[in-house]
Amino acid sequence: MRRLYIVMYDISHPKRLRKVFKIMRGFGDRIQLSVFRAELTPKERIQMMMKINPVIHHNEDQVLMIPIGPAGGEIEKEIEALGRPYEPCPHGAVVV
Amino acid sequence: MNEAESSFPVILSLPDFIPARMLNEFAYCPRLCYLEWAQQEWDDNEWTMDGNFQHRRVDRPSGDLPDADEMEEQAPEAVHARSVMLSAEGCGFIAKMDLIEAEAGAVLPVEYKRGSVPDNPERSWEPERVQLCAQAMILRENGYVCPTGVLYYAQSRQRVEIAITDALAARTLEIARELRCVMQSGETPRPLQDSPKCPGCSLAGICLPDEILHEAAHPNAEAEEDAIRRLYPARDDAAPLYVQDQGAYVGKSNEELVVKLKGTKVADIRFIDLSHVCLYGNVQISTQAIQELLKRSIPLLYFSFGGWFNGICGGMPHKNVELRRRQYRAEYGKESLEIARVLVQNKIQNSRILLRRNSAEGNEDAIEDLRRAEQQAGEAANMESLLGFEGNAARIYFQHFSSMLKPKESDGGLSGFDFTTRNRRPPRDPVNAMLSFAYSLLTKEFAIVLLRVGFDPFMGFYHQPRYGRPALALDMMEPFRPLIADSVVISVINNGVIQSKDFVRSAGAFALKPDARKAFIMTYERRMDSLITHPIFNYRISYRRVLEVQARLLARYLLGELPTPPEFCTR
Ligand code: SF4
């Protein structure tokens, strides 16, 4: 039972920034510069924390995880975008 | 004990030491302990994962615990030893202790727990106290003075001191005695009844407490609405990847699987969104990608270009040896015929219902004949007669199969999808080509599920294990052929998703063209993912999840927990 999170981060060193970015790609879609949209089970959320935690500097950096509701729920439809549209890409089976 | 059991006695011997953690589990729920320890089921959920996250600092061994006889001479400054493994023969316990503090001649085991201090008079739960007490008893037997222990609650960052009293020690020994008894009995303890512990239990989706209690009491009877809690997600979060483009290359990049075609990226999928990977024909995959799939227990399946299921790569087999033993034993017992009867009967019933719903009038006789075959199958005296009833029913069903097909007139109506009998290897018309392909998809689905549950998919009860066929997968899919495979074929034809021009024909054999096959797979996937109401448990669940529940129930039947094999019939 996944929940939808907006994950944003503020990392003060470029090397750590790159590392966090790479980890986050494994958990969600980038929607803005340092903002990801991630659908995670409670277990995946902890997996993500366990990967990011050793990478960041605990006094200088910050990662925020904002749960906004159940994945596939109504709340996401209420997100409004000015400028570029907000288009979450759905995932499901992939056939190549 | 039934006959088969007495002729193949199960000799159960316990390891010499009981881990303190298992005492905790047993005190929480005896079944949980049994599933984890005897049947080696293990599924990290958020609680246990979070437990590990909280444990992360203490899990690295560090510091030295001085020998017991040196404790006296130890300097007055405190000693901290982390992640210490100790055992004691007298009580028969072993424990990896998170942290041991030593001061003034005494030691203090500290056990880390997630969450906050419980709001009860003891400010702790019994299972945790028992685990801590076992640690203290080990320390005492090793010569240390250990009057108290500490439970440290990570979320509220609070320490709760627990006195290791004689009463607590006696209770701990009593639980250990019960645990040994249950383990040696070889009988899985029953699930807890309607317990608030289950929703938080890491094995709820494997244990299926409400389903098992219902099936044990009223086998295959429809449960009342909301009577059964669905303690696992209604559908999977992860989905499969199919690669059929010849010459494609599958590789790994960080946390993603990447598919390239002639050097250009055509797809990337996060590993967390991936349930399994199917490769058709000449598709390459890198060792790094295979390693990562194995590490994450994501099965990798190989097919011929035409769709013949060649094999599966999925790491180590499940550690539930007890189940495989029962599976092999059942082949010689009466369970085998019982299972086969239910599977065939369900298959005929589901075929009949599909036919009744999808074809115009004129099939009444056929439907009546199927109903009779259904009944005969349920009472078949042996495998030979069961095969006969099934063959008869299949002939009737496929004779009328084309009455369910309504291709668009613009596509030449039925002429492009002329179908009279079922033929395979090679399929000699478009409908047979699609049926064969759909059945191969369903076979791989069950092969994956059966491996995950702990079965040997090659050893069946109805289908004979020969020529490397995954016989148990073929068995289990019988009731689902009409519900999933046949109905996908009907829907792609009737909705015009697949047309007569979408096939290639060579030497009398028909096959789907690659783009059409892609569309076919997507329709199949939507079917697998669609939510239905479970005919017995009455909750919403996807077909793909239904398959897993069926396999788990079959396991529970073979392990002696359920009186009859599980059924699955649409109503
Ligand atoms: S789900 Fe309930 S009955 Fe089953 S093991 Fe967990 S706590 Fe025990």
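Residues numbered from 1 in each chain as written. Chains lettered and ligands numbered in written order. Predicted model: local features only at pLDDT ≥ 70, side-chain atom pairs only at ≥ 80, totals over all residues. Heavy atoms only, no water.

S.K.: Please clarify how the overall build of chain B should be interpreted in this entry.
M.R.: Helix and strand counts for chain B stand at 18 helices and 18 strands. Its C-alpha atoms give chain B principal-axis dimensions of about 95 × 60 × 40 Å. A fraction of 65% describes how many contacts in chain B between residues 6 or more apart in sequence connect residues 24 or more apart. Put simply, chain B shows about 25,700 Å² of open surface, and 49% of that area lies on carbon and sulfur atoms. Taken together, the 67 basic and 78 acidic charged side chains of chain B have centroids lying 8 Å from each other. (Helix = DSSP H or I, 4+ residues; strand = E, 2+ residues; numbered from the N terminus. Contact = heavy atoms within 4.5 Å. Areas by Shrake-Rupley, 256 points an atom, 1.4 Å probe, with all protein chains shown as cover. Lys, Arg positive; Asp, Glu negative; His and termini not counted. Charge placed at Lys NZ, Arg CZ, Asp CG, Glu CD.)

S.K.: How should I be thinking about the pattern of salt bridges in this particular structure?
M.R.: Think of it this way: side chains of opposite charge can pair up when their charged atoms draw near. On inspection of all chains with the given rule, the structure shows 40 salt bridges over all chains. In this structure, glutamate 368 of chain B and arginine 371 of chain B form a salt bridge, with 3.5 Å as the shortest nitrogen-oxygen distance. One end of the pair is glutamate 368 of chain B and the other is arginine 371 of chain B, both in helix α12 (residues 364-379) and three residues apart, which spans about a single turn. Judged by its relative accessible area of 38%, arginine 371 of chain B is partly exposed. Between lysine 444 of chain B and glutamate 445 of chain B there is a salt bridge; the shortest N-O distance is 3.1 Å. Looking at glutamate 445 of chain B, the relative accessible area reads 3%, which means it is buried. Connected via shared salt-bridge partners are Arg2, Asp29 and Glu44 of chain A together with Asp237, Arg270 and Asp273 of chain B. (Salt bridge = Lys/Arg side-chain N within 4 Å of Asp/Glu carboxyl O. Buried < 20%, exposed > 50% of the residue type's maximum accessible area, 1.4 Å probe, protein only.)

S.K.: What is the right way to look at the site of the ligand in this model?
M.R.: All residues in the neighbourhood of the ligand are listed as Cys29, Leu32, Pro191, Leu192, Cys198, Cys201, Ala204, Cys207 and Pro209 of chain B. Tallied by class, residues from the shell around the ligand come to nine nonpolar, no polar and no charged. (Near = heavy atom within 4 Å. Nonpolar A, V, L, I, M, F, W, Y, C, P; charged D, E, K, R; others polar.)

S.K.: Explain the side chain of serine 440 of chain B here, please?
M.R.: Residue and element names in this part refer to chain B. Within the element layout of this structure, serine 440 appears in helix α14 (residues 430-453). Residue class for serine 440 comes out buried when judged on its relative accessible area of 11%. Ignoring anything within four residues of it in the chain, the contact list for serine 440 reads Phe303 and Gly307.

S.K.: What should I look at first to understand the nonpolar core in this one?
M.R.: Nonpolar side chains in soluble globular proteins tend to be buried together. Residue and element names in this part refer to chain B. By size, the foremost hydrophobic cluster in this structure holds 98 residues, and its most contacted members are Phe401, Met434 and Phe520. Setting aside residues up to four positions removed in sequence, phenylalanine 401 forms contacts with Phe419, Val431, Leu435, Asp486 and Ile490. Core analysis: the next-biggest nonpolar cluster, separate from the first, contains 45 residues, Ile100, Val130, Val160 and Leu179 among them. (Core = buried A, V, L, I, M, F, W, Y, C linked by side-chain atoms within 4.5 Å.)

S.K.: Sorry, what's going on with the confidence of the model for chain B here?
M.R.: In low-pLDDT regions, the fine details of the predicted coordinates are not to be read closely. Residues and elements named next belong to chain B. Averaged over all residues, the pLDDT of chain B equals 85, while 90% of them reach at least 70. Scored below 50 in pLDDT, residues 1-11 shows nine contacts in the model against residues more than four places distant or in partner chains. Taken together, the chains of this predicted complex give a pTM of 0.85 and an interface ipTM of 0.86. (pLDDT = per-residue confidence, 0-100.)

S.K.: Would you take a moment to explain the packing of helix α2 (residues 20-28) of chain B against helix α5 (residues 126-141) of chain B for this structure?
M.R.: Helix-helix packing: each pair is described by the crossing angle between the helix axes and the interaxial distance. Residue and element names in this part refer to chain B. Between α2 and α5, whose axes approach to 8 Å, the crossing angle comes to 155°. Classified by the angle between their axes, α2 and α5 sit roughly antiparallel to one another. By crossing handedness, the relation of α2 to α5 is classed as right-handed. The segment α2 lies against α5, with Ala20, Arg21, Leu23, Asn24, Ala27 and Tyr28 engaging Pro127, Glu128, Val130, Gln131, Ala134 and Gln135. Residues that form the contact of α2 with α5 fall into these classes: seven nonpolar, three polar and two charged. (Axes fitted to C-alpha atoms, helices over the stretch in contact; angles between N-to-C directions. Parallel < 35°, antiparallel > 145°, perpendicular 65-115°, else oblique. Left-handed = near helix turned anticlockwise from the far one by under 90°.)

S.K.: Explanation requested: the interface of chain A and chain B in the structure shown.
M.R.: Interface extent is often summarised as the accessible area lost during association of the parts. With 26 residues of chain A at the contact, the number on the chain B side is 36 residues. Carbon and sulfur atoms make up 61% of the area that chain A and chain B hide from each other, which totals about 2,700 Å². Counting every contact that joins chain A to chain B gives six salt bridges. For the pair chain A and chain B, the number of links is 12 residue pairs in polar contact (both at pLDDT 80 or more). Looking at the side of chain A that touches chain B, the elements that each hand over two or more residues are α1 (14-25), α2 (42-52) and β5 (94-95) of chain A. Ranked by residues supplied to the side of chain A that touches chain B, first place goes to α2 of chain A with eight residues. (Buried area = accessible area lost by both parts, 1.4 Å probe. Polar contact = N/O pair within 3.5 Å; in protein donor to acceptor, adjacent residues only side chain to side chain.)

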